[in-house]
Amino acid sequence: MSLLAVGAGIAVVGALGAGIGIGIATGKATEAVARQPEASGDIRTTLILGCALAEATAIYCFVIALMIIIMLQ
Amino acid sequence: MGGLSARLMEELNCETVFTIPILGGIDVYESVVVTWIISAVLILISIFFTRNLKVHNISKRQAIAELIVTKLMGMVENMIGEEGKAFVPYLSTILLYIGFANIFGLFGFKPPTKDLNVTIALALMSIILVEAAGLYYLGIKRWLHKFIEPVAIMAPFNILDIVTRPMSLCMRLFGNVLGAFVIMELLKIAVPVIVPAVFSCYFDLFDGLLQAYVFVFLTSLYISEAIE
């Protein structure tokens, strides 16, 4: 059981990439809004979409971790 | 821990509600029944809004209906562009269905998108539509030629795309809905009052609608790429 927990924990480390990606995207979006406040509507839509796509990798990690805990028990 | 994983397991499994006694018994799962309920709700809303339609002197109800339809169609049309107008009704239907399915958890139902079978079916429908649209709009020769664009060495990756695209579509939707559900369950165990209600706004409402939008956006992206 304890090794399973360690494995699930390691699987979730992949969420690191999603965090970095969303951070970079949000930083760039902030810059873009600061430069062109009139385009903030378009930027927001694109940002939310990009975040949702980047988040998917973290979701895959979560699903794999869950499968490790549930299936291998 | 043991109790939680048993509970998660129970929630992951989709129970059989009843069995149709033909062809050796067809199992009808909970997700199918909830889908019927969603269809019934959507049909009733449509019937309510489209009664007594007039051209002049429209009622308030008709004004609301027109507003909803134009906004929805406009949103989908923005995604797919002018040349993909024929796909707008299908894509808006999928958007409505996934959106309703994701927020149906708020009313005490199990969201059907938490069943992997439902999301696989949706993703398969999408990829079949994408390939069929490519075949119909381009003809078989140009459709086949698409596989060796931009260079011939890309062919294996382009063929792999047919498999990975629906897989990522269905896994994204399934994982998001399941992830939101599990986090909400954990929150309810940790802090049973007030806090879950706040987080439910994000996980059930915002994330559910966002995932419906992302699913439709990606499908329309694939379609417009296939027919150009």
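Just above sits the structure.
A brief report on the enclosed structure follows. Keep in mind it's a predicted model, so treat the numbers as computed, not measured. (Residues numbered from 1 in each chain as written. Chains lettered and ligands numbered in written order. Predicted model: local features only at pLDDT ≥ 70, side-chain atom pairs only at ≥ 80, totals over all residues. Heavy atoms only, no water.)

1. A few points about the overall build of chain A
Selection criterion: The numbering of helices and of strands both runs from the N terminus, where a helix is a DSSP run of H or I of at least 4 residues and a strand a run of E of at least 2. All radius of gyration figures rest on C-alpha atoms, and the globule criterion is 2.2 Å times the number of residues raised to 0.38. With a 1.4 Å probe rolled over the protein chains alone, any residue whose accessible area is under 20% of its type maximum counts as buried; one over 50% counts as exposed, and the rest are partly exposed.
When you go through chain A residue by residue, the secondary structure sums to three helices and zero strands. Ordered by position from the N terminus, the helices and strands of chain A form the series α-α-α. At 17 Å, chain A has a C-alpha radius of gyration far larger than the 11 Å of a compact globule built from 73 residues. For the C-alpha atoms alone, the extent of chain A along its principal axes is close to 55 × 15 × 10 Å. Looking at chain A as a whole, 25% of its 73 residues qualify as buried.

2. Observations regarding the overall build of chain B
Our working definition: Note on definitions: a residue-residue contact is assigned when non-hydrogen atoms from the two residues lie within 4.5 Å. For the accessible areas, the method is Shrake-Rupley and the probe is 1.4 Å, while residue cover comes only from the protein chains on display.
Looking only at helices and strands, one finds seven helices and two strands in chain B. Starting at the N terminus and ending at the C terminus, chain B contains elements arranged as α-β-β-α-α-α-α-α-α. Overall, the C-alpha framework of chain B stretches about 60 × 60 × 45 Å when taken along its three principal axes. For chain B, long-range pairs separated by at least 24 residues make up 63% of all intrachain contacts whose partners lie at least 6 apart in sequence. When the accessible surface of chain B is split by element, carbon and sulfur atoms take 72% of a total near 13,100 Å².

3. Brief notes about helix H3 (residues 60-80) of chain B
Residue and element names in this part refer to chain B. Selection rule: To estimate the expected span of a helix, count its residues, drop one, and scale the result by 1.5 Å. The arc refers to the directions leading from the helix axis to the C-beta atoms.
The first and last C-alpha atoms of H3 sit 30 Å apart over 21 residues, in line with the 30 Å expected at 1.5 Å per residue. Regarding H3, the residues found buried are Gln 62, Ala 65, Val 76, Met 79 and Ile 80. Mapping the buried residues of H3 onto a view down its axis gives an arc of 135°, with all of them on the same face. Within H3, the exposed residues directed more than 90 degrees away from the buried face are Lys 60, Leu 67, Thr 70, Lys 71 and Asn 78.

4. So, the packing of H3(B) against helix H7 (residues 195-227) of chain B
When two helices pack together, their arrangement is given by the angle between the helix axes and by the axis-to-axis distance. Residues and elements named next belong to chain B. The line we're drawing: All axes are obtained by fitting lines to C-alpha atoms, using only the stretch in contact for helices, and the reported angles, taken between N-to-C directions, cover 0 to 180 degrees. Any angle that falls under 35 degrees is termed roughly parallel, while one over 145 is termed roughly antiparallel, one within 65 to 115 roughly perpendicular, and all others oblique. If you view the pair so one helix is near and one far, a crossing is left-handed when the near helix is turned anticlockwise from the far one by less than a right angle, and right-handed when it is turned clockwise. Note on residue classes: Ala, Val, Leu, Ile, Met, Phe, Trp, Tyr, Cys and Pro are nonpolar, Asp, Glu, Lys and Arg are charged, and everything else, Gly too, is polar.
As a packed pair, H3 and H7 sit with axes 8 Å apart at the nearest point and diverge in direction by 45°. In terms of orientation, H3 and H7 fall into the oblique class. The hand of the H3/H7 crossing is right-handed. Across the interface between the two elements, Met 75, Met 79 and Ile 80 from H3 touch Tyr 213, Val 216, Phe 217, Ser 220, Ile 223 and Ser 224 from H7. Of the residues that constitute the contact of H3 with H7, the class distribution is seven nonpolar, two polar and no charged.

5. Focus on the pattern of salt bridges
When charged atoms on two side chains of opposite charge get close, those side chains can pair. Residues and elements named next belong to chain B. What counts, and what does not: Salt bridge criterion: a side-chain nitrogen from Lys or Arg within 4 Å of a carboxyl oxygen from Asp or Glu.
In this structure the tally under the stated criterion is five salt bridges over all chains. Ionic pairing is found between Lys 110 and Glu 30, a salt bridge with its closest N-O pair at 3.3 Å. Of this pair, Lys 110 sits in the loop between helix H4 (88-103) and helix H5 (116-145) while Glu 30 is found in helix H2 (residues 30-50), placing the two residues 80 residues apart along the sequence. Lys 110 sits in the buried class, given a relative accessible area of 17%. The closest approach of N and O atoms between Glu 225 and Arg 165, which form a salt bridge, is 3.0 Å.

6. A closer look at the packing of aromatic side chains
Residues and elements named next belong to chain B. Our working definition: Classification of ring pairs rests on two measures: the distance between centres of Phe, Tyr or Trp rings, Trp counted by its six-membered ring, which must be within 6.5 Å, and the angle between planes, read as stacked under 30 degrees, edge-to-face over 60 and tilted in between.
If you walk through the whole model with that rule in mind, you get nine aromatic pairs over all chains. Arranged with centres 6.0 Å apart and planes meeting at 40°, the rings of Phe 87 and Tyr 137 form a pair that is tilted. With Phe 87 in the loop between H3 and H4 and Tyr 137 in helix H5, the pair connects residues that are 50 residues apart, well separated along the chain. Owing to a relative accessible area of 9%, Phe 87 belongs among the buried residues under this scheme. With a relative accessible area of 37%, Tyr 137 lands in the partly exposed category.

7. Quick notes on the environment of B:Val41
All names here are of chain B. Following the sequence through the fold, Val 41 ends up in helix H2. The partly exposed category is assigned to Val 41, whose relative accessible area is 29%. Residues Val 41 and Ala 63 lie 22 residues apart in sequence; the distance between their C-alpha atoms is 20 Å. If we ignore the near neighbours within four places in the chain, the residues touching Val 41 are Phe 100 and Phe 104.

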